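# Working through the structure, step by step
This is what each chain is made of:
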Amino acid sequence: MKSLSRRGVRILAAAGLAVPATLAFAGPAHAETNPRCAGSVQIGATAYVTVGGQTAASVKQYKGCGKNYAYTYVWQQYRASHGAYQVCTSIVTGSTLRDLQCSSGPEVWSLGANTLSVCTRALGGISDVAQKETEVRC
């Protein structure tokens, strides 16, 4: 678990760089199909990461199989106009990142956090450029 600073998560992706590569989901893109829990369902509204006024990514929170999952998808228009980037996602409880995962692909799913009994939100970010959180779900 990692704690968030008072400034929020401006360096979410930079923190994610410390996550071993074996933890990052780097498989083929399966937009919105949870590879760890096919029966998971989205909870709450989608949040949107913007960079320079352009929508760059979608951030969603899911529940299923007894866990909460965070999902971040980098939009094609951002990928087409930017070089290498790191996309990270995490479930957040209070000021703690749980289940932080990062990838250099177009999307990343968290592995699943045992947090159904507490209030959570999903967090997604692109490199150290921008991030966004979904609404809190209890």
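Just above sits the structure.
Notes on the structure in this doc start here. (Residues numbered from 1 in each chain as written. Predicted model: local features only at pLDDT ≥ 70, side-chain atom pairs only at ≥ 80, totals over all residues. Heavy atoms only, no water.)

Our focus in this paragraph is the pairing of strand 8 (residues 121-126). Summarising burial for strand 8: six of the six residues are buried, a large majority. Where strand 5 (residues 87-93) meets strand 8, six bridges bridge the pair, whose relative direction is antiparallel. Pairing of Val92 across the sheet is with Arg121, part of strand 8. Both strand 8 and strand 9 (residues 130-133) contribute to a ladder of four bridges, which runs antiparallel. Paired with Ile126 across the strands is Ala130, a residue of strand 9. Following strand 8, the chain reverses through three residues before pairing antiparallel with strand 9; Ser127 in that reversal takes a positive phi of roughly 40 degrees. (Buried < 20%, exposed > 50% of the residue type's maximum accessible area, 1.4 Å probe, protein only. Helix = DSSP H or I, 4+ residues; strand = E, 2+ residues; numbered from the N terminus. Pairing = 2+ DSSP bridges.)

Time to look at the pairing of strand 5. Most of strand 5 is tucked away: seven of the seven residues are buried. Between the end of strand 5 and the start of strand 6 (residues 96-103), which pair antiparallel, lie two residues, with Gly94 showing a positive phi angle near 55 degrees.

All right, on to the pattern of salt bridges then. Under the defined criterion, the tally for this structure stands at three salt bridges. A salt bridge links Glu133 to Arg121; the nearest nitrogen and oxygen atoms lie 2.7 Å apart. Note that Glu133 is positioned in strand 9 and Arg121 in strand 8, a separation of 12 residues in sequence. For the salt bridge of Arg137 with Glu135, the shortest nitrogen-to-oxygen distance reads 3.8 Å. (Salt bridge = Lys/Arg side-chain N within 4 Å of Asp/Glu carboxyl O.)

On to the nonpolar core, then. In terms of nonpolar packing, the biggest core is built from 17 residues, with Val49, Val74, Tyr78 and Ile126 touching the most fellow members. Contributing elements (two or more residues each) for this core: strand 2 (41-51), strand 3 (54-64), strand 4 (67-74), strand 5 and strand 8. Apart from residues lying up to four places away in sequence, Tyr78 is in contact with Val51, Gln54, Ala56, Ile126 and Val129. Among the nonpolar cores identified, the runner-up in size contains six residues, and Cys88, Val92, Leu100 and Leu123 belong to it. (Core = buried A, V, L, I, M, F, W, Y, C linked by side-chain atoms within 4.5 Å. Contact = heavy atoms within 4.5 Å.)

This part is about the state of the cysteines. Going through the model one piece at a time under the given rule, you end up with three disulfides. Disulfide partner of Cys88: Cys102, at an S-S distance of 2.0 Å. Measuring the twist about the S-S bond at about 110 degrees, one finds the Cys88-Cys102 disulfide to be right-handed. A residue pair is termed long-range when its members are at least 10 positions apart, and Cys88 in strand 5 and Cys102 in strand 6 qualify at 14 residues. Cys102 gets classed as buried once you look at its relative accessible area, which sits at 2%. (Disulfide = S-S within 2.5 Å.)

On to the sheet that holds strand 4, then. If you trace the four strands from one edge of the open sheet to the other, you get 2-3-4-7, paired in antiparallel fashion. Strand pairing shows two members of the sheet lacking a second neighbour, strand 2 and strand 7 (107-109), which therefore form its edges. Direction aside, neighbouring strands of the sheet carry axes that sit 15 degrees apart on average. Alignment of strand 2 against strand 3, held across eight bridges, turns out to be antiparallel. Looking across to strand 3, one finds that Gln42 is bridged to Tyr62. (Axes fitted to C-alpha atoms, helices over the stretch in contact; angles between N-to-C directions.)

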